[in-house]
Amino acid sequence: MVVFINGSFGISKTTVSRLLAAQLPGSLVVDPEPLGIVLMHLAALGRRPQDDFQDLAAWRWLGARAVRVARRFRSTVIVPMAFTNLAYLGEFLSYLREHGIPTLHFCLTAPHSVVLERLHARQRKGPTAWQLRRSAERCAAHQAAEYAEHIPTADRTPYEIANDLGRRIRDAAHSK
């Protein structure tokens, strides 16, 4: 199974993913962001700078395949990612589902004011202008029904969220 944990920057996707992996035997966290950063640098060398690595078709192609490869070695792969473009998310989901890999998609949500507090708390210099703009866009976009199961996070700790997701994932695995 592949579990996508979507949400804005600063909403605790990575922390929740790590806590969740500790609960689920045989699981692994695969974050496609480092691959995206490398591809952005390569695009810039080719004089095609990108504002967001998710806009690179190569990242989406390689990222989906990396998740599929990881799934060959682990029963559960957890993917924290801040998708707001439904078509891009759809590329990952449809690729995996076409290859018979069960997927779940959760979207962590909180008001933008909460996300801003978290971003300021975790970064000494504070968030960048890009992070501020993108976090606002993501918080607004993630309210849409298309973002699967909304998981409110404003008044919950990462441990509480991970426990909630762990129950949901185990329930989904047992119902199949």
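Cut-off values and rules
- Residues numbered from 1 in each chain as written.
- Predicted model: local features only at pLDDT ≥ 70, side-chain atom pairs only at ≥ 80, totals over all residues.
- Heavy atoms only, no water.
- Helix = DSSP H or I, 4+ residues; strand = E, 2+ residues; numbered from the N terminus.
- Rg over C-alpha atoms; globule rule 2.2 N^0.38 Å.
- Buried < 20%, exposed > 50% of the residue type's maximum accessible area, 1.4 Å probe, protein only.
- Contact = heavy atoms within 4.5 Å.
- Areas by Shrake-Rupley, 256 points an atom, 1.4 Å probe, with all protein chains shown as cover.
- Lys, Arg positive; Asp, Glu negative; His and termini not counted.
- Charge placed at Lys NZ, Arg CZ, Asp CG, Glu CD.
- Core = buried A, V, L, I, M, F, W, Y, C linked by side-chain atoms within 4.5 Å.
- 1 Å grid on protein atoms, 1.4 Å probe; cavity = no way out; pocket = protein on both sides within 12 Å on 5 of 7 lines; lining within 4 Å.
- Points joined across faces, edges and corners; volume = space filled by probe spheres on them.
- Nonpolar A, V, L, I, M, F, W, Y, C, P; charged D, E, K, R; others polar.
- Pairing = 2+ DSSP bridges.
- Axes fitted to C-alpha atoms, helices over the stretch in contact; angles between N-to-C directions.

### What to know about the overall build of the protein chain
Thinking step 1. Helix and strand counts for the protein chain come out as seven helices and five strands.
Thinking step 2. For the protein chain, the sequential pattern of α-helices and β-strands runs β-α-β-α-α-β-α-β-α-α-β-α.
Thinking step 3. The globule rule puts the C-alpha radius of gyration for 176 residues at 16 Å, and the 16 Å found for the protein chain is close to it.
Thinking step 4. Across its three principal axes, the protein chain shows a C-alpha extent of roughly 45 × 40 × 30 Å.
Thinking step 5. Out of the 176 residues in the protein chain, the part that is buried amounts to 46%.
Thinking step 6. Across the protein chain, every contact between residues at least 6 apart in sequence was considered, and the portion connecting residues at least 24 apart equals 78%.
Thinking step 7. Of the roughly 9,100 Å² of accessible surface on the protein chain, a fraction of 57% belongs to carbon and sulfur atoms.
Thinking step 8. Across the protein chain, the centroid of the 23 positively charged side chains sits 7 Å from that of the 15 negatively charged ones.

### A few points about the nonpolar core
Thinking step 1. Counting 26 residues, the largest nonpolar core has I5, V16, L20, F106, L108, L165 and I169 as its most contacted members.
Thinking step 2. Within the residue set of this core, elements represented by two or more residues are β1 (2–7), α1 (13–23), β4 (103–109), α5 (112–122) and α7 (158–174).
Thinking step 3. For this core, the element with the most residues is α7, which contributes five residues.
Thinking step 4. Look past the residues within four positions of I169 in its chain and what remains in contact with it is M1, V3, L20, L24, L104 and F106.
Thinking step 5. Within the second largest apolar cluster, 24 residues are counted, among which are L56, V67, Y88 and Y95.

### A few points about the layout of surface pockets
Thinking step 1. Roughly 540 Å³ of volume is contained in the largest pocket.
Thinking step 2. In terms of residue count, α1 provides more of the lining of the largest pocket than any other element does, four residues in total.
Thinking step 3. The class makeup of the residues in the lining of the largest pocket is 10 nonpolar, seven polar and nine charged.

### So, the sheet that holds β4
Thinking step 1. Strand order in this open sheet of five strands is β2-β3-β1-β4-β5, and the pairing throughout is parallel. In this open sheet, the two strands that pair with only one neighbour each are β2 (27–29) and β5 (149–152). The sheet shows a mean angle of 25 degrees between the axes of neighbouring strands, direction not considered.
Thinking step 2. With six bridges connecting them, β1 and β4 associate as parallel partners. For V2, the partnering residue across the bridge sits in β4 and is T103.
Thinking step 3. Sheet strands in contact with helix α3 (residues 57–73) are β1, β2 and β3 (76–81), and its direction is about 150 degrees off that of β3.

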